[in-house]
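# Fold and geometry: a report
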Amino acid sequence: MNPVTFEITHICRQSGARTGILHTPHGDVETPMFMPVGTQATVKFLSPEELYEMGAGVVLANTYHLWLRPGEDIVDKAGGVQKFMNYHGPMLTDSGGFQVFSLADTRKIKEEGVTFKSTLNGDMLFLSPEKSIQIQNKIGADIMMSFDECIPYPADYEYAKKSMERTLRWAARGKTAHTRPDSQALFGIVQGGDYEDLRDYCAEELAKMDFPGYAIGGTSVGEDKETMYRMVRWSIEKLPENKPRYLMGVGAVNDLLEGVSSNVDMFDCVLPTRIARHGTLLTSHGRINIRKAIYADDFTPLDDACDCYCCRNYTKAYLNHLFRTNEGFGSRLMSIHNVRFLIRLMEEMRTAIKEDRFADYKKEKLASMQFDERGF
């Protein structure tokens with residue numbers, strides 16, 4: 001029996017978007033949802049208790065970084081990643097593949113796996129589908145990801161085809177290597193670049209392997225928005241409707257709205273905490289740069305529509321002061337706000353879907369916010 005199951009609860013009559021419930025060993029989570037990224041078993045500047053209280057369901061941890069430090073054996077000895085970091089909700093680990101494939105200058109890809117240099121000390125390391133699954137089994141998250149190759153954009157057809165076929169072979173090998181299928185769910189990942197036939201084929205073959213859920217990979221790697229949306233739609237068309245779909249590494253507001261329109265259920269991104277550290281904040285009217293002098297004497301809340309700890313207690317003037325004086329409390333407050341903003345956005349989307357008005361909600365949200373080319 002799969003430890004993670006998915007239940008569709010409503011389909012919007014206006015748009016076709018859907019809500020659901022992801023049932024996991026560490027609790028049920030409503031979808032569509034946004035997953036904060038806790039790269040090294042911590043979401044930067046936020047405590048696990050704060051994450052839980054602000055409505056974060058699934059939190060992501062990074063296999064590559066936990067493998068290097070403190071090592072999967074330490075996490076396993078602690079009783080798994082939830083006990084290690086004291087987070088009481090569900091968790092997901094990526095495969096480590098994205099980090100490895102971002103090291104283009106040092107990696108060598110073979111059928112067996114990938115050899116590359118450690119980003120910590122330069123040691124040569126080897127990661128294979130089996131090794132990735134072994135590490136993730138010891139980390140112990142509710143959901144694990146298959147080891148895949150995230151190819152750059154653009155990529156020529158022949159390379160994309162060979163890479164996609166290897167990703168399918170690696171998915172099958174990882175499924176065979178999985179030693180805890182009763183307590184951890186392993187998701188397959190659709191690849192294929194910007195080629196409809198490759199994405200169709202990859203999704204069809206993964207569906208035959210009967211994973212508990214599926215991810216869409218290889219997007220948000222430099223392509224324009226329309227290309228990304230096209231790749232997402234192609235990936236989803238051949239996936240089972242009754243399994244969760246996860247769009248990896250996406251957190252811009254317009255991308256989330258478009259993804260939900262395409263029946264994506266899960267999203268993750270480092271965006272909210274990363275941009276917070278640079279003074280960029282997400283609000284219901286669009287993004288603002290708190291560093292600007294106009295906020296130095298602005299004693300209004302950051303976002304009057306937000307219910308987060310930051311907006312309930314502090315002003316733009318105070319945040320401007322904290323940023324200008326390089327105080328860590330400013331990074332904490334702004335990270336709290338940005339993470340809660342995206343979680344609250346998903347709550348609003350779920351309500352709009354349940355009330356059969358998601359198309360109207362999407363149109364109103366896009367019109368009310370100021371977007372740059374990145375979408376936040």
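Shown above is the structure to which this text applies.
Residues numbered from 1 in each chain as written. Predicted model: local features only at pLDDT ≥ 70, side-chain atom pairs only at ≥ 80, totals over all residues. Heavy atoms only, no water.

## Considering the nonpolar core
Generally speaking, a soluble globular protein has its nonpolar side chains buried in company with each other. The criterion, for reference: Residues enter a nonpolar core if they are buried and are Ala, Val, Leu, Ile, Met, Phe, Trp, Tyr or Cys, with the set joined through side-chain atoms within 4.5 Å. Type-normalised accessible area, obtained with a 1.4 Å probe on protein chains alone, sets the label of each residue: buried when under 20%, exposed when over 50%, and partly exposed for intermediate values. Labels follow the DSSP assignment, with helices taken as runs of H or I lasting at least four residues and strands as runs of E lasting at least two, numbered in each case from the N terminus. Residue contacts follow a heavy-atom distance rule, with two residues in contact if any of their heavy atoms lie within 4.5 Å.
Leu51, Val81, Met91, Phe116 and Leu319 are the most contacted members of the largest nonpolar core, which totals 45 residues. For this core, the element with the most residues is helix H14 (residues 328-354), which contributes five residues. Beyond its immediate chain neighbours, meaning those up to four positions away, Met91 contacts Val58, Val59, Ala61, Val81, Gln82, Met85, Ala141, Asp142 and Ile143. The next biggest cluster of nonpolar side chains, apart from the first, holds 30 residues, and it includes Ile236, Leu256, Phe341 and Ala352.

## Concerning the pairing of strand E2 (residues 18-24)
What counts here: A strand pair is defined by DSSP finding two or more bridges across the two strands.
Among the seven residues that make up E2, five are buried, leaving the element largely enclosed by the rest of the structure. Pairing between strand E1 (residues 5-11) and E2: six bridges, direction antiparallel. Following the sheet pairing, His10 is matched in E2 by Thr19. Of the pairings in the sheet, the one linking E2 to strand E3 (residues 27-31) comprises five bridges and is antiparallel in character. Within E3, the residue paired with Gly20 across the bridge is Thr31. Hairpin connection between E2 and E3: a loop of two residues separates the two successive antiparallel strands.

## Looking at helix H6 (residues 129-139)
For H6, every residue scored as buried is listed here: Pro129, Ser132, Ile133, Ile135, Gln136, Asn137 and Ile139. The first or second residue beyond H6 is Gly140, which carries a positive phi of 85 degrees.

## Focus: unusual backbone geometry
That bond from Thr31 to Pro32 is cis: its omega, 5 degrees, falls within 30 degrees of zero. Of note, Pro32 is situated in the loop between E3 and strand E4 (33-38). In this model, Tyr153 is joined to Pro154 through a cis peptide bond whose omega is 0 degrees. Along the chain, Pro154 falls in the loop between strand E10 (143-145) and helix H7 (157-177). Located in the positive-phi region is Asn326, a residue other than glycine, with phi close to 60 degrees.

## Examining the pattern of salt bridges
Put simply, the rule is: Salt bridges are identified by distance alone: a Lys or Arg side-chain nitrogen within 4 Å of an Asp or Glu carboxyl oxygen.
Per the counting criterion, the structure on display carries 24 salt bridges. In this structure, Lys161 engages Glu165 in a salt bridge whose closest nitrogen and oxygen atoms are separated by 2.8 Å. Here Glu165 and Lys161 lie together in helix H7, a separation of four residues that amounts to about one turn. Given the relative accessible area of 29%, Lys161 is considered partly exposed. Between Glu258 and Lys362 there is a salt bridge, and its shortest N-O distance comes to 2.9 Å. Pair noted here: Glu258 is in helix H10 (residues 253-261) and Lys362 is in helix H15 (residues 358-368), with a separation of 104 residues, a long-range link. A single burial state applies to Glu258 and to Lys362, both of which are buried.

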